[in-house]
Amino acid sequence: MPAVLGERRRLVNVAYRLLGSLTEAEDAVQETYARWYAMSRRQQEAIESPGAWLTTVAGRVCLDLLGSARVRRERYVGEWIPEPLPDRTEWIGGQDGGGRQDPADRVTLDESVNMAFLVVLESMTPAERVAFILHDVFRYPFAEVGGILGRTPAACRQLASSARRQVRAAHVPAVAATGQADVVRRFKEAWESQDIQALVGLLAPDATMIADGGGLVGAALRPVEGGERIAQYLAHFAGKAPGLTLLERTVNGRPGLVAQSSGTTVNVAAFGLAGTRITHIWAVRNPEKLRPWNESGASGTARA
């Protein structure tokens, strides 16, 4: 049924925002389709709205995964950061490249995949996250959300309201992409020249850097706090890895940096800004989370 397969992109969009992991989102969508095809043709034809059925099942699969993810992340080595996404135009394996379509190519990049936004979502309960994403981002009515969560529409409304308050409390500032690109470019140049004073000037005094190595590669196990400490840490890191190439890339819909070693992506950094100062750096070094960047050819030369 082509119409059913046509729902795949939307389902991956929903699942990535719910889970913060492209790999888990793709697995959730595959499980959803497995349940659809496990039914007989008569059962499938009896479903009035296959799209709504798929969304309900995908939402429940993600809800279960969110519950188990909390347990897994308690055992995670160091800090956990959502899996970073590149811009679809930078994927060789996507539709424009004529090769195998990559899951990330089906994820629409907007403010709801901004790394700062995804980090706030991580602080929510699974039910809050599902209610908020489905209603506020994808505009599903609370009656449908209640069917996924097994709660009344009124209860789902309260969950979404609680999630909304957490988003507002996080004070995620809106910075124009062009302004952020300029700051990121200057940050790249200061890092390459190991200019600590220039780095300090670009970082807010109370800036925070979080690195995710997953215990598989070296990374700070706790947040590095303070502009000066971050600048010294980055200069030290650059000194230990002289062969790195820094590229300006779109990370979760916003200007970011990618570090490559011998053509392999080894670090993806997303940035949070307040005005012209960097307040947050999220550096993903876990090679399992960087697999899509390397397998799909999200590389190339730096932008001018």
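I will try to describe carefully the structure that is included in this document. On a predicted model such as this, the values are computed, not experimentally measured, just so you know. (Residues numbered from 1 in each chain as written. Predicted model: local features only at pLDDT ≥ 70, side-chain atom pairs only at ≥ 80, totals over all residues. Heavy atoms only, no water.)

Remarks on the packing of aromatic side chains
Here's step 1: The tally for this structure, following the rule as stated, stands at five aromatic pairs.
Here's step 2: Ring geometry for F117 and F132: centres 6.0 Å apart, planes at 35 degrees, overall tilted. With F117 in helix 6 (residues 115-122) and F132 in helix 7 (residues 126-137), this residue pair connects regions lying 15 residues apart in the sequence. Grouping residues by exposure puts F117 and F132 together as buried.
Here's step 3: An aromatic cluster of at least three residues, connected via ring pairs, comprises F187, W191 and F271. (Phe/Tyr/Trp six-rings, centres within 6.5 Å; stacked < 30°, edge-to-face > 60°. Helix = DSSP H or I, 4+ residues; strand = E, 2+ residues; numbered from the N terminus. Buried < 20%, exposed > 50% of the residue type's maximum accessible area, 1.4 Å probe, protein only.)

Things to note about the pattern of salt bridges
Here's step 1: Evaluation of the coordinates by the stated rule reveals nine salt bridges.
Here's step 2: Put simply, E122 and R129 hold a salt bridge, and the shortest N to O gap is 2.7 Å. (Salt bridge = Lys/Arg side-chain N within 4 Å of Asp/Glu carboxyl O.)

So, the sheet that holds strand 3 (residues 245-251)
Here's step 1: Ordered by their spatial adjacency, six strands build an open sheet running 2-1-6-5-4-3, and the pairing between neighbours is mixed. Looking at strand neighbours, the two that pair on one side only are strand 2 (224-225) and strand 3, the edges of this open sheet.
Here's step 2: Contacting strand 1 (203-212), strand 2 and strand 6 (277-284), helix 12 (residues 227-240) runs over the sheet at an angle of about 45 degrees to strand 1. (Pairing = 2+ DSSP bridges. Contact = heavy atoms within 4.5 Å. Axes fitted to C-alpha atoms, helices over the stretch in contact; angles between N-to-C directions.)

Digging into the packing of helix 5 (residues 50-74) against helix 8 (residues 142-149)
Here's step 1: Between helix 5 and helix 8, whose axes approach to 8 Å, the crossing angle comes to 50 degrees. Regarding the angle of helix 5 to helix 8, the classification is oblique. The interaxial crossing formed by helix 5 with helix 8 has right-handed handedness. Together, T55, T56, G59, R60 and L63 of helix 5 and G147, I148 and L149 of helix 8 make up the contact between the two elements.
Here's step 2: Across the contact of helix 5 with helix 8, the residue classes break down as three nonpolar, four polar and one charged. (Parallel < 35°, antiparallel > 145°, perpendicular 65-115°, else oblique. Left-handed = near helix turned anticlockwise from the far one by under 90°. Nonpolar A, V, L, I, M, F, W, Y, C, P; charged D, E, K, R; others polar.)

As far as function goes, none of this settles anything; it's purely spatial.
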